[in-house]
Amino acid sequence: MTTIIVYILLALCVGLSLLKSREKTKKAFIVGARALWKMAPGLLAIVGVVGLILGILPPETISRLVGEEAGLMATATAAVLGAVTLIPALISFPLAGSLLRAGATVTTIAVFITTLVMVGFVTAPLEIKALGKKFTLLRNGMSFIAALIIAAVMGVILT
Amino acid sequence: MIIIKKFKAPLLMAAVFILLWFWLPDIAARSTDVALDYLKEMVLVIPPVFVLMGLLEIWVPKEKITQLIGSGSGIKGIFFSFLMGTLPTGPLYIAFPLAGSLLAKGARISNIVIFLGAWAAIKIPQLVAEMEFLGLPFTILRFVLTLTAVIIIGQIMEKVIKPTDLTQITND
């Protein structure tokens, strides 16, 4: 679904660009290709890292690590797991839902979801390439702290 | 030689996978499955995103970006950054090059942080799945808190980061 939207958007933009100037469209493709070439090693490495992490830590293992006890330790584990892993949303939400029913606290689930989407340990090298080291460290570091605060607040309000 | 050096990270990953197949074939099989799935998704989504980035680079003048989400764009800039981020487009790592070229074109750092935050955490299809599995109160509360956090983080980062701290992806 997402992919279809991206391609429709692309077709519209390329069509419009071609209508206005063939020369500039060619230039745009060159700019895009050059940036892609620059990012390619990082992107390929991510494929491998994601495979390894989910191979070693399949969803069942994650739920065992996070779901069994509902203490501070579980929350800390969830925060770190969320930051290091890269799980597509379509898998992570059902996983979080089943953890919640299995007895994990709202705080634990909230911290897992929030670090999962906002902190990217695996993608940090790519982020550094595109936006710089300082930007990447600050964004991820502060997002991690924010995730802990968000989760604590949600735990207080929702339980 | 230069190519080998450029691709040393993926080559290293490939070596790890080969070793793993000898050592722990169970994990290797699962990892390879996941990696192949992921690769398929990437091959589909990534080329169009880079073409869009190229088009943005060539067609959209710097003044336009500065006016929309640059310094002095205020609430409107926050709104636009948020809106661009929530478009259903795919994983966060493909937003980095886009964010890089928007920054180079004069976007405010705080707005780029909002753009990335919205892209990562507040996607519309994602919110639907979240509501289904975690309930409406959870979803709304996380949405509001995350948006607040992202705006605050953006403000702080804009104070701390100098333009020279940023890399530019489009020129080597």
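What counts, and where the lines are drawn
Residues numbered from 1 in each chain as written. Chains lettered and ligands numbered in written order. Predicted model: local features only at pLDDT ≥ 70, side-chain atom pairs only at ≥ 80, totals over all residues. Heavy atoms only, no water. Helix = DSSP H or I, 4+ residues; strand = E, 2+ residues; numbered from the N terminus. Rg over C-alpha atoms; globule rule 2.2 N^0.38 Å. Buried < 20%, exposed > 50% of the residue type's maximum accessible area, 1.4 Å probe, protein only. Contact = heavy atoms within 4.5 Å. Phe/Tyr/Trp six-rings, centres within 6.5 Å; stacked < 30°, edge-to-face > 60°. Lys NZ or Arg CZ within 6 Å of the ring centre and 35° of its normal. Buried area = accessible area lost by both parts, 1.4 Å probe. Salt bridge = Lys/Arg side-chain N within 4 Å of Asp/Glu carboxyl O. Polar contact = N/O pair within 3.5 Å; in protein donor to acceptor, adjacent residues only side chain to side chain. Nonpolar A, V, L, I, M, F, W, Y, C, P; charged D, E, K, R; others polar. Domains from an automatic or database assignment. Core = buried A, V, L, I, M, F, W, Y, C linked by side-chain atoms within 4.5 Å. Lys, Arg positive; Asp, Glu negative; His and termini not counted.

Chemist: I would appreciate a short explanation of the overall build of chain A in the present structure.
Modeler: The number of helices and strands found in chain A is eight helices and zero strands. Ordered by position from N to C terminus, the α and β elements of chain A give α-α-α-α-α-α-α-α. In summary, chain A has a C-alpha radius of gyration of 20 Å against a globular reference of 15 Å for 159 residues, an excess of more than 25%. Looking at chain A as a whole, 51% of its 159 residues are labelled buried. The contacts of chain A with a sequence gap of at least 6 include a subset with a gap of at least 24, amounting to 75%.

Chemist: What's the story with the packing of aromatic side chains in this structure? I'm lost.
Modeler: When we look at a pair of aromatic rings, we describe it by the centre distance and by the angle of the planes. Tallying each qualifying case throughout the model produces five aromatic pairs over all chains. With centroids separated by 6.4 Å and ring planes inclined at 40 degrees, the aromatic side chains of Tyr38(B) and Tyr93(B) adopt a geometry described as tilted. Here Tyr38(B) is found in helix α3 (residues 25–59), whereas its partner Tyr93(B) is found in the loop between α5 (74–86) and α6 (95–104), with 55 residues between them in sequence. Directly above the ring of Trp59(B) sits Lys24(A), whose terminal nitrogen or CZ lies 4.7 Å from the centroid. Positioned above the aromatic ring of Phe7(B), the side-chain terminus of Lys6(B) is 5.9 Å from the ring centre.

Chemist: What is the right way to look at the interface of chain A and chain B in this model?
Modeler: Accessible area lost upon the coming together of the parts is a frequently used measure of interface size. Chain A puts 75 residues into the contact, and the matching count from chain B is 73 residues. Taken as a group, Phe93(A), Leu131(A) and Phe135(A) account for 9% of the area that chain A buries against chain B, more than any other trio of residues on that side. Counting the contacts that link chain A with chain B gives zero salt bridges. Between the two partners, chain A and chain B, sit six residue pairs in polar contact (both at pLDDT 80 or more). Among the elements of the structure, α1 (2–20), α2 (22–56), α5 (89–101), α6 (106–118), α7 (124–131) and α8 (133–158) of chain A are those that each provide at least two residues to the side of chain A that touches chain B. Tallied by class, the residues present in the side of chain A that touches chain B amount to 52 nonpolar, 13 polar and 10 charged.

Chemist: Please explain the domain arrangement of chain B as it appears in this structure.
Modeler: Residues and elements named next belong to chain B. For chain B, the domain assignment lists domain 1 (1–45) and domain 2 (60–165). Relative placement of domain 1 and domain 2: their C-alpha centres are 31 Å apart. The interface of domain 1 with domain 2 comprises four residues on the first partner and four residues on the second. Buried surface at the junction of domain 1 and domain 2, summed over both partners, amounts to about 280 Å²; 64% is from carbon and sulfur atoms.

Chemist: What exactly am I supposed to notice about the nonpolar core here?
Modeler: Nonpolar side chains in soluble globular proteins generally cluster together in the buried interior. Ranked by size, the top nonpolar core spans 92 residues in total, and within it Phe135(A), Tyr93(B) and Leu116(B) carry the most contacts. With 12 residues, the top contributor of residues to this core is α3(B). Shared between two domains, this core takes at least three residues from each, and those domains are domain 1 (1–45) and domain 2 (60–165) of chain B. Among the nonpolar cores identified, the runner-up in size contains eight residues, and Leu10(A), Ala28(A), Val31(A) and Leu52(B) belong to it.

Chemist: Whenever I open this one, the side chain of Lys105(B) confuses me. Can you help?
Modeler: Residue and element names in this part refer to chain B. On the secondary structure map, Lys105 appears in the loop between α6 and α7 (109–121). Buried within the structure, Lys105 lacks any salt-bridge partner; Glu57 is the closest side chain of opposite charge, at an N-O distance of 4.9 Å. In terms of polar contacts, Lys105 uses its side chain to reach the backbone carbonyl oxygen of Glu57, at 3.0 Å. With residues up to four places along the chain from it excluded, the contact list for Lys105 reads Leu56, Glu57, Val60, Pro61, Lys62, Ile65 and Thr66.

Chemist: When you look at the pattern of salt bridges in this model, what are you seeing that I'm missing?
Modeler: Here the idea is simple: oppositely charged side chains can pair when their charged atoms come close. Residue and element names in this part refer to chain B. Applying the stated rule across the entire model yields four salt bridges over all chains. Between Asp37 and Lys40 there is a salt bridge, with the nearest N and O atoms lying 3.9 Å from each other. Residue Asp37 and its partner Lys40 are located together in helix α3, separated by three residues, close to a single helical turn. Each member of the pair, Asp37 as well as Lys40, is classed as exposed. Arg142 is the salt-bridge partner of Glu130, the closest N and O atoms lying 2.7 Å from each other. Taken as a pair, Glu130 in helix α8 (residues 124–134) and Arg142 in helix α9 (residues 136–160) lie far apart in primary sequence, 12 residues in all.

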